[in-house]
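Now for the letters of each chain:
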Amino acid sequence: GGDELTFVPALRKNRDEPDALLTALAELHVHGQAVDWTAYFAGTGARRVELPTYAFQHQRYWLTDERTCDRDASGLGQSPDEHPLLGAAVPLAGGAGVVFTGLLSLARYPWLADHVVKGAILVPGTALVDLALHACEYVECGSLDELTLEAPLVLSEQIDTQVQVVVGAPDDESGRRALTVYSRSSDDTRAEWTRHAEGVLSDDPRSMGAGEGLETWPPRNAVELKTADVYDRLADQGLSYGPLFQGLRSVWKRDDEVFAEVALPDGLEAGGFGLHPALFDAALHTMAVSDAGLQAVEGGSPGLPFAWSGVSLSAVGARVLRVRIVRSGSGVSLLLADGAGAHVASVESLALRPVTAEQLRG
């Protein structure tokens, strides 16, 4: 038609002027005209090539999350750390102690999203205990004498959380070391650090050897308790455990003792942890099955680990635990063994306290 006779000369005239060519092509296109590219590029040596896929297709050629691309800590003057939740260790000059650093996020550790308390994603107290036990081994102490949790460590769904575990220099007389756990949001490097836990590491060598085990299993003269609805009841109390934290398998009771078997769910790896926090946390769910367990306190508010005393670890990497819990003063004591009954860990005393939604929002 007439439009084609009008525009083709314009294309030929402007072939060596890209901007004018694109303008002419656009005008031709909106008029509904087709272009015979074979005739147009005849004699020029032009050939067809594939168009780049991005942004025409939703396919990226770079990492989608820079947070997963860590720099080697040794290149920053630090020592790489092998604990899964930590990235580096910084021994302080003059023997003043050591600082462990890490970065927590749901992108890095999606299993943490299965630990929800009163609607908030909360780092379990068992994770802080495992960090303390790791620091204990690093500085060659024998046991975690004390660890008191002062403030809940709540994770954001969008922003990473910086974590520091600080171990002080040994006391001249006792050799004991102070330990503190801090965190702050990674989006404000000038923000103050929140102190979440304080503890004491000891030279007591009790964790170095094998302790009491649980070889006889199931326990003799114990009555098995029903566990089918335990996670529903915990959810009613505000403790919403996802599948990766639902490791409780069976529970028995004998007088003042409560026994259980717990297992690390598929999809989680025990390597690198002393006790994987999800497995250790599942051992505490035993207390929800028996009224001797102190799980609900003060008007139905969920009781969470608050003060740990005499924590020792003699084996790592367990995927199955046998558990014995006994009342001890105002708290409970725990004995943990592996699937064959050999000693894994023990806690002389664990006290619980309620946590409110207001504390978590704070």
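In what follows, the structure referred to is the one given above.
Here the structure is a predicted model, which means the values were calculated and not measured.

Q: What is the right way to read the sheet that holds strand S5 (residues 120–121) from this model?
A: Pairing between the strands of a sheet comes from backbone hydrogen bonds, and it takes one of two forms, parallel or antiparallel. Ordered by their spatial adjacency, three strands build an open sheet running S5-S4-S11, and the pairing between neighbours is antiparallel. The sheet terminates laterally at S5 and strand S11 (239–241), the two strands that pair on one side only. Pairing between strand S4 (residues 115–117) and S5: two bridges, direction antiparallel. Within S5, the position partnered with Val117 by the bridge is Ala120.

Q: Whenever I open this one, helix H4 (residues 125–138) confuses me. Can you help?
A: The α-helix winds at 3.6 residues per turn, so residues separated by three or four positions along the chain end up facing the same way. The end-to-end C-alpha separation of H4 is 20 Å, in line with the 20 Å expected for 14 residues at 1.5 Å each. Here H4 lies mainly inside the structure; twelve of its 14 residues are buried. For H4, the set of buried residues is Gly125, Thr126, Ala127, Leu128, Val129, Asp130, Leu131, Ala132, Leu133, His134, Ala135 and Cys136. Looking one or two residues past H4, Glu140 carries a phi angle of roughly 60°, positive in sign.

Q: In this structure, what is going on with empty space enclosed by the protein? I would like to understand it.
A: To locate leftover empty space, one rolls a probe as large as a water molecule over the atoms. Across all of its chains, the model carries four cavities of 30 Å³ or more by this definition. The calculated volume of the largest cavity comes to roughly 230 Å³. Around the largest cavity sit 20 residues that line it, and Leu122, Leu149, Pro152, Leu304 and Pro305 are the ones nearest its centre. Where the lining of the largest cavity is concerned, the elements lending two or more residues are H4, strand S15 (301–313) and strand S18 (343–354). When grouped by side-chain class, the residues that make up the lining of the largest cavity number 13 nonpolar, four polar and three charged.

Q: Would you mind showing me how to read the side chain of Arg324 here?
A: In this structure, Arg324 sits in strand S16 (residues 320–328). Among all residues touching Arg324, those that are not within four sequence positions of it are Glu212, Leu214, Glu257, Val258, Phe259, Ser333, Leu334 and Leu335.

Q: What exactly am I supposed to notice about the side chain of Ser183 here?
A: On the secondary structure map, Ser183 appears in strand S8 (residues 177–185). With relative accessibility at 6%, the residue Ser183 sits in the buried group. Engagement of the side chain of Ser183 in a polar contact is seen with the side chain of His196, the distance being 2.6 Å. When neighbours within four sequence positions are excluded, Ser183 is seen to be in contact with Leu153, Thr161, Gln162, Val163, Glu192, Trp193, Thr194 and His196.

Definitions and cut-offs
- Residues numbered from 1 in each chain as written.
- Predicted model: local features only at pLDDT ≥ 70, side-chain atom pairs only at ≥ 80, totals over all residues.
- Heavy atoms only, no water.
- Pairing = 2+ DSSP bridges.
- Helix = DSSP H or I, 4+ residues; strand = E, 2+ residues; numbered from the N terminus.
- Expected span 1.5 Å × (residues − 1).
- Buried < 20%, exposed > 50% of the residue type's maximum accessible area, 1.4 Å probe, protein only.
- 1 Å grid on protein atoms, 1.4 Å probe; cavity = no way out; pocket = protein on both sides within 12 Å on 5 of 7 lines; lining within 4 Å.
- Points joined across faces, edges and corners; volume = space filled by probe spheres on them.
- Nonpolar A, V, L, I, M, F, W, Y, C, P; charged D, E, K, R; others polar.
- Contact = heavy atoms within 4.5 Å.
- Polar contact = N/O pair within 3.5 Å; in protein donor to acceptor, adjacent residues only side chain to side chain.

Everything listed is a geometric property; what it means functionally is a separate question.
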